[in-house]
Amino acid sequence: MTATGAGLAAADPPGGVARGIVCMILSGALLTCNDAAMKSVSKSIPLGELLFMRGGMAFALLFLFALSTGRLGALKVTQYRAQGTRALLMIAGTFLFIGGIRQMPLADAVAVAFIGPVLVTAMAPGLLGEQVGWRRWLAVLTGFAGVVVMLRPTADTFYWAALLPLGAACTGALRDIITRRLANRDTTLATLAVTTGGVALGGLVTAPFGWTAIGGDDFMLLALASLLLCVAHYLMIEAFRLSQAAVVVPFKYASLIWAMLLGYLLWQQVPDLVTVLGAGLVVLAGLYILHRERRLARG
């Protein structure tokens, strides 16, 4: 078992695998649309202000949903330390990823961020005391090679901006581990409320560094991004609740298709051959690691 979280919770509920896969695919599509909306407004609005506005609106939407459906009790948190750690990871990852998409094409940032499952496997022996065999170490090295290809490590072409989504991948992988552990302890609404509220507070801390007035069009985009974020993360948390992480995580890679499509439709961005090659190595490495995880879990 690797650190992506398989086997950290009880057995999957009946029919959970299919529903978990659908939830993960839809989550990826909505998150990519959210990323596109944030990229559209990120050039004119300070990053911290963006995160405060989106996180604040997302938290308000969650509260109104819980209130209107009589589920305020579902917002109760019991795992304070784990929820706080998850929120801090989400704050750091959000700052890093949105900072990245401000500087680089959407599909490129998403491709670099897909190193997450590979990074978790690399960190598993030191952080979790897990055994990682030579096959998975080979996959880890392949994934890192893919990122190196995308970084273009020469004096003239080093892709500095790609270090931001790479950092976001590290925080995201650890967040996914905690999400799986929380799946049968706190409700999805509670986990999502803590996360969105935490990101909003993280953005608020940057207010003394200067914010700007937000126009009507940008405000509507931020409101849309908030709604997409809520629904996407709700679906992602449900995916981890319904099925083993090793089963649903591979379907995150569908986000790369959405990112390429939106990048082309909105900004006429087409990934070059180097990016496609590097992304392919990362995806193949991640899929192989998850394949090995499932085989080992079956014994």
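Keep in mind that what you see is a predicted model, and the values were worked out from it rather than measured.

Conventions we followed
Residues numbered from 1 in each chain as written. Predicted model: local features only at pLDDT ≥ 70, side-chain atom pairs only at ≥ 80, totals over all residues. Heavy atoms only, no water. Helix = DSSP H or I, 4+ residues; strand = E, 2+ residues; numbered from the N terminus. Contact = heavy atoms within 4.5 Å. Areas by Shrake-Rupley, 256 points an atom, 1.4 Å probe, with all protein chains shown as cover. Buried < 20%, exposed > 50% of the residue type's maximum accessible area, 1.4 Å probe, protein only. Core = buried A, V, L, I, M, F, W, Y, C linked by side-chain atoms within 4.5 Å. Expected span 1.5 Å × (residues − 1). Patch = residues over 30% accessible without salt bridge, like charges linked within 9 Å, V, L, I, M, F, W, Y side chains within 5 Å. Salt bridge = Lys/Arg side-chain N within 4 Å of Asp/Glu carboxyl O. 1 Å grid on protein atoms, 1.4 Å probe; cavity = no way out; pocket = protein on both sides within 12 Å on 5 of 7 lines; lining within 4 Å. Points joined across faces, edges and corners; volume = space filled by probe spheres on them. Nonpolar A, V, L, I, M, F, W, Y, C, P; charged D, E, K, R; others polar. Axes fitted to C-alpha atoms, helices over the stretch in contact; angles between N-to-C directions. Parallel < 35°, antiparallel > 145°, perpendicular 65-115°, else oblique. Left-handed = near helix turned anticlockwise from the far one by under 90°. pLDDT = per-residue confidence, 0-100.

Caption draft 1: Main features of the overall build of the chain. Scanning the chain for helices and strands turns up twelve helices and zero strands. Secondary structure of the chain in N-to-C order comes out as α-α-α-α-α-α-α-α-α-α-α-α. In the chain, of all internal contacts separated by at least 6 residues, the share reaching a separation of at least 24 is 88%. Per element, the accessible surface of the chain, about 13,300 Å² overall, is 70% carbon and sulfur.

Caption draft 2: Geometry of the side chain of T188. Tracing the sequence through the fold places T188 in helix α8 (residues 188-204). On the basis of relative accessible area, T188 is assigned to the buried category, the value being 3%.

Caption draft 3: Focus on the nonpolar core. M38, I115 and L222 are the most contacted members of the largest nonpolar core, which has 49 residues in total. The dominant element in this core, judged by the number of residues it contributes, is helix α4 (residues 106-113), at six residues. If you look at the next biggest cluster of nonpolar residues, it comprises 23 residues, including M24, A232, A239 and L290.

Caption draft 4: Structural detail: helix α2 (residues 47-68). Taking 1.5 Å of rise per residue, the 22 residues of α2 would be expected to cover 32 Å, and the 31 Å separating its terminal C-alpha atoms lies within 8% of that figure. Residues of α2 that are buried include every one of L47, G48, E49, L50, L51, M53, R54, G55, M57, A58, L62 and A66, and no others. Looking at the buried residues of α2, the elements they touch are α1 (16-42), α3 (80-103), α8 and α9 (216-242). Just downstream of α2 lies G70, where phi reads positive at about 70 degrees.

Caption draft 5: Fine view of a nonpolar patch on the surface. Together, W258, L261, Y264, L265, L266 and V270 give the surface a local cluster of nonpolar side chains, amounting to about 610 Å² of exposed area. Take V270: it is sitting in the loop between α11 (254-267) and α12 (273-298). On the basis of relative accessibility, which here comes to 62%, the residue V270 falls in the exposed class.

Caption draft 6: Representation of empty space enclosed by the protein. Per the counting criterion, the structure on display carries three cavities of 30 Å³ or more. Roughly 60 Å³ of volume is contained in the second largest cavity. The element best represented in the lining of the second largest cavity is α8, accounting for four residues. Split into classes, the residues belonging to the lining of the second largest cavity amount to four nonpolar, five polar and one charged.

Caption draft 7: Region of interest: α8. Helix length check: α8, at 17 residues, gives a terminal C-alpha distance of 24 Å against a target of 24 Å (1.5 Å per residue), a fit within 8%. Burial analysis of α8 places 14 of its 17 residues in the buried class, the great majority of the element.

Caption draft 8: Examining the environment of L261 more closely. Within the secondary structure, L261 is located in helix α11. Using a relative accessible area of 42% as the deciding quantity, one classes L261 as partly exposed. A sequence separation of 154 residues divides L261 from A107, and the C-alpha atoms of the two residues are 8.5 Å apart.

Caption draft 9: Structural detail: the packing of α1 against α2. As a packed pair, α1 and α2 sit with axes 11 Å apart at the nearest point and diverge in direction by 140 degrees. By the angle between their directions, the pair α1 and α2 is classed as oblique. Crossing hand, α1 versus α2: right-handed. Note on element contacts: α2 touches α1 through L50, L51 and R54, opposite N34, M38, V41 and S42. Class assignment of the residues belonging to the contact of α1 with α2 gives a composition of four nonpolar, two polar and one charged.

Caption draft 10: Summary view of the side chain of R86. Mapped onto the fold, R86 is located in helix α3. Those residues within four positions of R86 in sequence are excluded, and the remaining contacts are R175, I178, T179, L182, T191, T195 and I237.

Caption draft 11: The environment of G202, seen in detail. Positionally, G202 belongs in helix α8. Ignoring sequence-local partners within four residues, the contact set of G202 consists of I91 and F95.

Caption draft 12: Quick look at the confidence of the model for the chain. The predicted model of the chain has a mean per-residue pLDDT of 80, with 85% of residues at 70 or higher. Confidence, expressed as mean pLDDT per element, reaches its minimum in the chain at helix α5 (residues 116-128) with 67 and its maximum at α2 with 91. pLDDT under 50 marks residues 1-10. Its contacts with residues more than four places away, or in other chains, come to 39 contacts.

Caption draft 13: Focus on the environment of A145. Within the element layout of this structure, A145 appears in helix α6 (residues 134-151). The sequence separation of A145 and L281 amounts to 136 residues, and the corresponding C-alpha distance is 7.3 Å.

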